[in-house]
Amino acid sequence: MKKNLPLNKRSSATTRVFKTIIMATTFICLLASESLHAQVAKQDSAKVQGAISPTVVSPKTYPRAVGYLSFIVPVVTIDKNATTYNFNGTTKIGFPVGVNVLYSDHFGFSYEFTPTITATSTNSKVSNLLFDPGTMFRFEHGFTIITRLAFETAGRYGFTPVFNQVYARTKYVNYFIAGSLPARFGNGAPASIGFNVQFGFTFN
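What counts and how
Residues numbered from 1 in each chain as written. Predicted model: local features only at pLDDT ≥ 70, side-chain atom pairs only at ≥ 80, totals over all residues. Heavy atoms only, no water. Helix = DSSP H or I, 4+ residues; strand = E, 2+ residues; numbered from the N terminus. Buried < 20%, exposed > 50% of the residue type's maximum accessible area, 1.4 Å probe, protein only. Contact = heavy atoms within 4.5 Å. Areas by Shrake-Rupley, 256 points an atom, 1.4 Å probe, with all protein chains shown as cover. Salt bridge = Lys/Arg side-chain N within 4 Å of Asp/Glu carboxyl O. Phe/Tyr/Trp six-rings, centres within 6.5 Å; stacked < 30°, edge-to-face > 60°.

## A few points about the overall build of the protein chain
For the protein chain, the helix and strand inventory stands at one helix and 12 strands. When the helices and strands of the protein chain are placed in sequence order, the string is α-β-β-β-β-β-β-β-β-β-β-β-β. Sorting the 204 residues of the protein chain into buried and exposed places 32% on the buried side. In the protein chain, once contacts between residues fewer than 6 apart in sequence are set aside, the share between residues at least 24 apart is 52%. Per element, the accessible surface of the protein chain, about 13,100 Å² overall, is 66% carbon and sulfur.

Here is the structure:
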């Protein structure tokens, strides 16, 4: 007969998980802030240099497609019957891969597939494949809001608003962090909403 962990141990494990997530998110936000300041300083320097010796800058070409790789961690899922935390006996991690088709500096469309691996103390398996295309609303300083539809092989469907921030740029890739709020319905289960954290990079 399976024994349940004492409540205080569950609470302690959940607290450690949240502390780790908060520390990681804080660190990423600090990196994003430093990167943003560096970008602003670089732009100001370029403006001064351009005023001294003007050069011709070639405009971006649209439409263009960029691929990306990432991983996503479901933190919590809430429905009318329960609140379920990740890393509490069962661990789920997704690996979103996709292509963003950019039509301008302000708009694009994203095609994404996310296989999810579920692991317990005795087993691990690919438990779900999610297809979630969506429109991209692009803003200054690398911030993007993506409104995704969601279709899961596990039988659930719904939508997912995503809030994406680029925090570091290099010659070949841009690194980003995202928070998402997946709303799911169907397959005989109660409607639910969750919170996920995603880390990844896009190819330039």
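## Details of the side chain of asparagine 196
Note that asparagine 196 resides in strand 12 (residues 192-203). If sequence neighbours within four positions are ignored, asparagine 196 has contacts with Ile72, Val73, Pro74, Val75, Ala178, Gly179, Ser180 and Pro182.

## Some remarks on the pattern of salt bridges
In the structure shown here, the tally under the stated rule is two salt bridges. Ionic pairing is found between arginine 148 and glutamate 112, a salt bridge with its closest N-O pair at 3.3 Å. Taken together, the residues span a long stretch of sequence, with arginine 148 in strand 8 (residues 143-152) and glutamate 112 in strand 5 (residues 107-119) at a distance of 36 residues. Residue arginine 148 shares its accessibility class with glutamate 112, and that shared class is buried.

## Here's the deal with unusual backbone geometry
Residue tyrosine 62 is joined to proline 63 through a cis peptide bond whose omega torsion reads -5°. As for its placement among the helices and strands, proline 63 is situated in the loop between helix 1 (7-52) and strand 1 (64-79). Despite not being glycine, asparagine 187 has its phi angle at roughly 60°, a positive value. Positionally, asparagine 187 belongs in the loop between strand 11 (183-185) and strand 12.

## Overview of the packing of aromatic side chains
Taken as a whole and assessed by the stated rule, the structure comprises 12 aromatic pairs. Three or more aromatic residues link up through ring pairs in this structure, and these residues are Tyr167, Tyr175, Phe201 and Phe203.

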